[in-house]
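So the chains spell out like this:
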Amino acid sequence: MEVVLGHYNYWVVIFLMMTGFYTVISRGNLVKKIIGLNIFQVSVFILYISISTVENGTTPILKEGFEVYSNPLPHVLILTAIVVGVATTALALALVVRIKEAYGTIEEDEIHQRDHSL
Amino acid sequence: MSGLQGHLSLLLVVIPLIAAPIVAVLPRGRLPWAGTLLVTAVCAVLAGMQLWSVVHDGVISYELGGWAPPWGIEYRIDAVNAFVALIVAGIAAITLPYALLSVEKEIPEEQVPLFYASFLLCLCGLLGITQTGDIFNVFVFLEISSLSSYALVSLGRKRQALTSAYQYLVMGTIGATFFLIGVGLIYSQTGTLNIADLAERLPAVFDHKTVHTGFAFIVVGVALKLALFPLHLWLPNAYTYAPTVVTIFLAATATKVALYLMLRVLFTVFPNNFALGTPTFDLFVISGIAAILIASVYAIYQMDVKRLLAYSSVAQIGYMALGIGFASAMGVTAALLHLFNHALMKGALFMAVGAIIYRVGSCRMDNIHGLGRRMPWTFGAIIIGGLSLVGVPGTAGFISKWYLILAALEQQAWISVAVILAGSLLAVVYVGKMIEALYFKPASEANQSLKEAPLLLVIPTWILALSNLYFGLNTELTVGVAERAAEVLGATGL
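Rules behind the numbers
- Residue positions are counted from 1 within each chain, in the order its sequence is given.
- To read the labels, note that chains go from A and ligands from 1, taken in the order they are written.
- In keeping with the predicted nature of the model, local features appear solely for residues at pLDDT of at least 70, side-chain atom pairs appear and are counted solely at 80 or more, and the whole-chain, interface and lining totals rest on all residues.
- Here the side-chain values reflect all heavy atoms present in the structure, with hydrogen atoms and water set aside.
- Here a strand is any run of E in DSSP of at least two residues, a helix any run of H or I of at least four, and the numbering for each starts at the N terminus.
- Atoms counted for the radius of gyration: C-alpha only. Globule rule: 2.2 Å times the number of residues to the power 0.38.
- Residue exposure (1.4 Å probe, protein chains only): buried if accessible area is under 20% of the type maximum, exposed if over 50%, otherwise partly exposed.
- In predicted models, pLDDT denotes the confidence assigned by the predictor to each residue on a 0 to 100 scale.
- Residue types Ala, Val, Leu, Ile, Met, Phe, Trp, Tyr and Cys, when buried and joined through side-chain atoms within 4.5 Å, form a set referred to as a nonpolar core.
- Residues count as neighbours in contact if any of their non-hydrogen atoms are within 4.5 Å of one another.
- One less than the number of residues in a helix, times 1.5 Å, gives the span that helix is expected to have.
- In this analysis the local bend is the angle between axes fitted, respectively, to the seven residues ending at and the seven residues starting at the residue.
- Buried area: the accessible surface (1.4 Å probe) lost by two parts on joining, summed over both.
- In what follows, salt bridge is the name for a side-chain nitrogen of Lys or Arg lying within 4 Å of a carboxyl oxygen of Asp or Glu.
- Nitrogen and oxygen atoms within 3.5 Å of one another constitute a polar contact, given that in protein one can donate a hydrogen and the other can accept it, and given that sequence-neighbouring residues count only through two side-chain atoms.
- Residues are grouped as follows: Ala, Val, Leu, Ile, Met, Phe, Trp, Tyr, Cys and Pro are nonpolar; Asp, Glu, Lys and Arg are charged; all remaining types, including Gly, are polar.
- By the convention used here, strands pair only if DSSP detects at least 2 bridges between them.
- Note on aromatic contacts: the rings of Phe and Tyr and the six-membered ring of Trp form a pair at centre separations within 6.5 Å, being stacked when their planes are under 30 degrees apart, edge-to-face when over 60 apart, and tilted otherwise.
- Every angle, taken between N-to-C directions, lies between 0 and 180 degrees, and every axis is a line fitted to C-alpha atoms, over only the stretch in contact when it is a helix.
- Roughly parallel means an angle under 35 degrees; roughly antiparallel means over 145; roughly perpendicular covers 65 to 115; every other angle is labelled oblique.

K.L.:
Please give an account of the overall build of chain B that cites residues and values.
P.N.:
On a plain count of helices and strands, chain B comes out with 21 helices and 2 strands. Taken over C-alpha atoms, the radius of gyration comes to 21 Å for chain B, in line with the 23 Å a tight globule of 494 residues would show. Dimensions of chain B along its principal axes, counting C-alpha atoms only, are 70 × 55 × 40 Å. The proportion of buried residues among the 494 residues of chain B is 66%.

Encoded structure:
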């Protein structure tokens, strides 16, 4: 029980990670794949944020009366990773729009039928 | 160290980064090209100066914004990075003169400034990965180079370019995210992101499962970017449908930088032979052998020359993986040598094929019959590049295969020796197939009237083709640097 409850943040991360990863692999719809990719990335954001937590620590803002702070570095790292994630999603969606214009569909198997490219 | 010299390492990354948005807003015409040419030439010179300075004065440590490492981001340049950075900047500088005509032909006019902007961002990302000494910074640059290369691949003329770019994006993002997970896990154990600092702190926690998991995530993530068999599925499509200039640049640099990153992770970030205690090297040998055999056979059956060369690239990456898999100083030297030599041969070959595409508009086997007689210079470059790919003595390809075989003999890995030789024979078959189509098949009527490609395409192609011969005969420079680099990586203690 200790293993399950004591590490609940990791279980959340693993669940999200596998959900996202499975969606990317199993779905044929190009937009759904991107959604899967996003869930996959978000799970990593949560992993970083949750490992930065310090027990009984507050948000890392200097204020009198508070001695223990959470580690702010992973927060900053993840801010960068979120920006990267947004850029990736934007680029992927732009590609999907172009694919829709070129093929008239965003289903992997239909695109595959048209010219065996995916 | 003062003035410009002191900031050399940073300038290499910052110049292309700042130039990219400027190039994007330049008016149409040849101005964006000229600007990019200037930037790549400057970067190549700076990278040359950096290598010289590292070889003579030792490691350069640059503190970004004056924040001392490990708190601030550090750029740490030793013989390995300086060598790889010079390859990247040098190939970019040789590709650019070639790009003018090829890009005018293949990219719609209104997209040309944006094309060059993405090209510069890609260059910035690749140089950044080599320069930085901070592992999270590596992730950021990895994504800068990847995102811009997805955009570059999608600019290909056929609609398949879009789907290949999408496929590349999905696999590339999974790879980068795996890398990020791994970095997070080792950060949680050590509390540092500086590579030199990690190397000091990690040995204390080597038996933690978290560190092993982090290591596995990082290795798999980089292997995806490296297109290590069987994680190579994005590569053939991306190389086939991307614009020619992009294929030349990515084939000669992107996978090379990923290979450099892999060596860094295996030997520097996780020091004291950590990787020897894991099945990593065995997996490298297995995947290298599979890549050499399977991808070479695939290459033989391709009907499109670009695709044939793309599969050949997967096989060549297999040779490098095999070199790393031997886990010896000789093996790493061979991998680094092949990294450099393969950049030369694939650069020359893709350039020559690009010249054919420039004239014919396609590079399908049945469209290029008899072109060898019509385009003798282009054909000559294909022959030299092809011989180098096979590993004929006197070419650069021979040198790296020679060292690879020496590394295999050192460990009495007879199967690997046989595979390296078999891979060369398979290369004879697919190179022969290109030459047969180009020279021995009678030219179709449409091809009868074709002329040699313009000089602006032929000259860069021949610079690379001749350097294949030069580095095949004069090995002092390349072998010296590769051996030194292997030493710096700490691979000699294996």
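There is more to say, and it comes next.
K.L.:
I'd like to hear about the confidence of the model for chain A, residue by residue, with values.
P.N.:
Overall, the predicted model of chain A reaches an average pLDDT of 87, with 97% of residues at or above 70. Mean pLDDT per element in chain A: helix H1 (residues 2-6) of chain A is the minimum at 76, and helix H3 (residues 30-51) of chain A is the maximum at 92.

K.L.:
Lay out the nonpolar core with the relevant residues and their values.
P.N.:
All names here are of chain B. Leu266 and Phe270 are the most contacted members of the largest nonpolar core, which has 227 residues in total. Here this core takes 20 residues from helix H14 (residues 329-360), the largest share from any one element. Counting 5 residues, the second-largest nonpolar core is a separate cluster that includes Leu51, Val54, Ile60 and Ala82.

K.L.:
Tell me what's going on with the environment of Leu344(B), and back it up with residues and numbers.
P.N.:
Residue and element names in this part refer to chain B. Within the secondary structure, Leu344 sits in helix H14. Expressed as a C-alpha distance, the spacing of Leu344 and Val305, which sit 39 residues apart in the sequence, is 18 Å. Contacts of Leu344, omitting those with residues within four sequence positions, involve Leu464, Ser467, Asn468 and Phe471.

K.L.:
With reference to specific residues and values, describe helix H11 (residues 244-269) of chain B.
P.N.:
All names here are of chain B. Look at H11: 36 Å from first C-alpha to last across 26 residues, which is about the 38 Å you get at 1.5 Å a residue. Along its length, H11 shows its largest kink, about 40 degrees, at Leu250. A large share of H11 lies buried, amounting to 26 of its 26 residues.

K.L.:
Any chance you could break down the interface of chain A and chain B for me, citing the residues and the numbers?
P.N.:
Taken together, the contacts link 35 residues of chain A with 30 residues of chain B. The junction of chain A with chain B conceals about 3000 Å² of combined surface from both sides, 79% of it contributed by carbon and sulfur atoms. Inspection of the region where chain A meets chain B yields 0 salt bridges. On inspection of chain A and its partner chain B, the count reaches 5 residue pairs in polar contact (both at pLDDT 80 or more). Secondary-structure elements contributing two or more residues to the side of chain A that touches chain B are helix H2 (8-26), H3, helix H4 (72-103) and helix H5 (108-115) of chain A. Ranked by residues supplied to the side of chain A that touches chain B, first place goes to H4(A) with 16 residues. Classifying every residue of the side of chain A that touches chain B gives 26 nonpolar, 5 polar and 4 charged.

K.L.:
Before we move on, can you summarise helix H10 (residues 234-241) of chain B with the specific residues and values?
P.N.:
All names here are of chain B. Burial within H10 is extensive, with 8 of its 8 residues counted as buried. If you check which residues of H10 are buried, you get Trp234, Leu235, Pro236, Asn237, Ala238, Tyr239, Thr240 and Tyr241. Looking at the buried positions of H10, the neighbouring elements they touch are helix H6 (135-153), helix H7 (160-190), helix H9 (209-226), H11, helix H13 (305-325) and H14.

K.L.:
Run through the pairing of strand E1 (residues 60-63) of chain B, naming residues and quoting values.
P.N.:
Residues and elements named next belong to chain B. What you see with E1 is a clean split: Ile60 and Tyr62 sit on the buried side and Ser61 and Glu63 on the side with no burial. By the bridge criterion, 4 bridges tie E1 to strand E2 (residues 74-77) in an arrangement that is antiparallel. Bridge pairing links Ile60 to Ile77 in E2.

K.L.:
How would you summarise the packing of aromatic side chains if you had to cite specific residues and measurements?
P.N.:
Tallied over the full model, the rule gives 23 aromatic pairs over all chains. Residues Phe267(B) and Phe281(B) carry aromatic rings whose centres are separated by 6.0 Å and whose planes lie at 25 degrees to one another, so their mutual orientation is stacked. A residue pair is termed long-range when its members are at least 10 positions apart, and Phe267(B) in helix H11 and Phe281(B) in helix H12 (residues 280-300) qualify at 14 residues. A relative accessible area of 5% places Phe281(B) in the buried class. Here the aromatic rings of Tyr298(B) and Tyr311(B) are separated by 5.2 Å at their centres, their planes lie at 10 degrees, and the arrangement is stacked. One end of the pair, Tyr298(B), is in helix H12; the other, Tyr311(B), is in helix H13, with 13 residues separating them in the sequence. Among the residues examined, Tyr311(B) registers a relative accessible area of 10% and is labelled buried. Three or more aromatic residues joined by ring pairs form one cluster here, namely Phe21(A), Phe40(A), Phe178(B) and Phe217(B).

K.L.:
Outline the packing of H11(B) against H12(B), supporting the account with residue identities and numerical values.
P.N.:
All names here are of chain B. Two elements in contact, H11 and H12, have axes separated by 12 Å at closest approach and are oriented at 150 degrees. Taken together, the axes of H11 and H12 lie roughly antiparallel to each other. For the pair H11 and H12, contact is made by Met262, Leu266 and Phe267 and by Thr280, Phe281 and Phe284, respectively. A breakdown of the residues in the contact of H11 with H12 according to their chemical character gives 5 nonpolar, 1 polar and no charged.

K.L.:
Outline the environment of Thr240(B), listing residues and values.
P.N.:
Residue and element names in this part refer to chain B. Mapped onto the secondary structure, Thr240 falls in helix H10. Sequence separation of Thr240 and Gln160 is 80 residues, and the distance between their C-alpha atoms is 9.3 Å. Contacts of Thr240, omitting those with residues within four sequence positions, involve Asp304, Lys306 and Arg307.

K.L.:
Explain the pattern of salt bridges to me, and be specific about the residues and the numbers.
P.N.:
Evaluation of the coordinates by the stated rule reveals 8 salt bridges over all chains. The closest approach of N and O atoms between Glu110(A) and Arg114(A), which form a salt bridge, is 3.9 Å. Here the residue Glu110(A) and the residue Arg114(A) both occupy positions in helix H5, the gap between them amounting to 4 residues, near one helical turn. Taking the relative accessible area as the measure of exposure, Glu110(A) reaches 32% and is therefore partly exposed. You can call Arg114(A) partly exposed: its relative accessible area is 41%. Salt-bridge contacts for Asp197(B) lead to Arg201(B); the nearest nitrogen and oxygen are separated by 3.4 Å. Of this pair, Asp197(B) and Arg201(B) both sit in helix H8 (residues 195-201), 4 residues apart, which is roughly one turn of the helix.

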